[in-house]
Amino acid sequence: EHFEHGGKRGNFDYYVIGDFKKSDGHRENSDGQVQNYFGRMGYRLMDAWDASLTMNYTDSYADDPGRKGVSPIPVVPRFKVWDQVYDLTVSNKYEIARGYLKVYYDDGHIRWKNQWDTGPKVAFDTNTDWNNYGIRAQERLKLWTSGEVILGYDHDVYGGKAEEVRPTNVKSLKDTHFYNSAPYIDVRHTFTFGKEFQITPSVGARYNMSKYFGDFFGPEAGLKVHYKDTELYARYAKGFNLPGVYTVFFYELNFGQGDKWKDLKPEKIDHYEIGGSQKITRWLKTDLALFYDSGKNRLIFTAPPPHFENL
């Protein structure tokens, strides 16, 4: 089933969607079900300010019939996941400024029941719980003609806990949360020569502060040249990828090495790109881009003893 409905009255508007799908599967013990419900309420506070609350809820499961053509196991594994997300946003839109302040919360659970261990021939369960929340703020400022400044700030907290429940013992991963906090800025300006020739340089940076993995400075710069139906550009950016919750799970539950995962470093990458586009007719345009990525501290698994290391 599916339903959707929306409306607006004065400064208030709303929209709701609901989905429900269920299947007996392609063979015995392959049942599945998906539920998804979405809602949004908005209110115009004044001419240039709006507020909205967005909510989403999902609840799904899938049964695993096992490999076809082999002896069935004595249990039916079921993977069940449900999640709820809330997003409260206040936004503004002026002639020289537009932006938003967003607060979000995400709460979810996984229950993986009746997994089968072929060694001791026993069933076990894995229970996972997480909650993530944070703030996103951004303002785009047109402080002068043909130019723009983007100011922003992100703060994200994410993580959770897990346990593996067997008939003989329980292995637990304590509640572990990461956080990243990052202000950023970007400045761009378009120089116009004549009616059809434009050059737009841009430069920016993001400074990320991590709870376990230190601070990271990520600059970026770009240059775009536009003439009639031709556009050329070049850009550079430094990016990073932090070790995640999975490293905590392996080190503390599988590797038996406690919090040594804190010794890991973020993966880093330098990205270089040049490209262009050419409009040939009203209905045909071609693009070409060449890029080069140089990375370090790539996270890999190695043994013995089992661990991750930066390569």
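For the structure, check the block above.
Remember, predicted model here, so these are calculated numbers, not experimental data. Here, residues in each chain are numbered from 1, in the same order as that chain's written sequence. Local features in this predicted model are restricted to residues whose pLDDT is 70 or higher, and side-chain atom pairs enter the listing and the counts only when it is 80 or higher, whereas totals over whole chains, interfaces and linings include all residues. Note that the side-chain values use all heavy atoms of the structure and ignore hydrogens as well as water.

Caption draft 1: View of the pattern of salt bridges. Salt bridges are counted wherever a side-chain nitrogen of Lys or Arg sits within 4 Å of a carboxyl oxygen of Asp or Glu. This model, assessed by the stated rule, comprises 19 salt bridges. In this structure, R44 and D50 form a salt bridge, with 3.3 Å as the shortest nitrogen-oxygen distance. Using a 1.4 Å probe on the protein chains alone, a residue whose accessible area is under 20% of its type maximum counts as buried, one over 50% counts as exposed, and one in between counts as partly exposed. Assessed through its relative accessible area of 39%, R44 is described here as partly exposed. What makes D50 partly exposed here is its relative accessible area of 26%. In the salt-bridge network here, residues are joined through shared partners; they are D117, E164, R166 and K171.

Caption draft 2: A look at the packing of aromatic side chains. When the centres of two rings from Phe, Tyr and Trp lie within 6.5 Å, Trp using its six-membered ring, the rings pair. Their planes under 30 degrees apart give stacked, over 60 give edge-to-face, and anything left gives tilted. Counting across every chain of the model gives 25 aromatic pairs. Relative to F308, the ring of F255 lies with its centre 5.9 Å away and its plane at 50°, an arrangement referred to as tilted. On the criterion of sequence distance, the pair formed by F255 in the loop between α1 (245-254) and β14 (267-281) and F308 in strand β17 (residues 307-310) is long-range, its members being 53 residues apart. Taken together, Y246, F249, F250, Y251, F255, F301 and F308 form an aromatic cluster joined through their ring pairs. Helix numbers and strand numbers start at the N terminus; a helix is a DSSP run of H or I with at least 4 residues, a strand a run of E with at least 2.

Caption draft 3: Just α1, in detail. Along α1, the positions that sit buried rather than exposed are T247, V248, Y251 and L253. Should any heavy atoms of two residues lie within 4.5 Å, those residues are counted as being in contact. Looking at the buried residues of α1, the elements they touch are β9 (170-189), β16 (299-302) and β17. A positive phi of about 65° marks G256, the residue just after α1.

That's the geometry; what it means functionally is another story.
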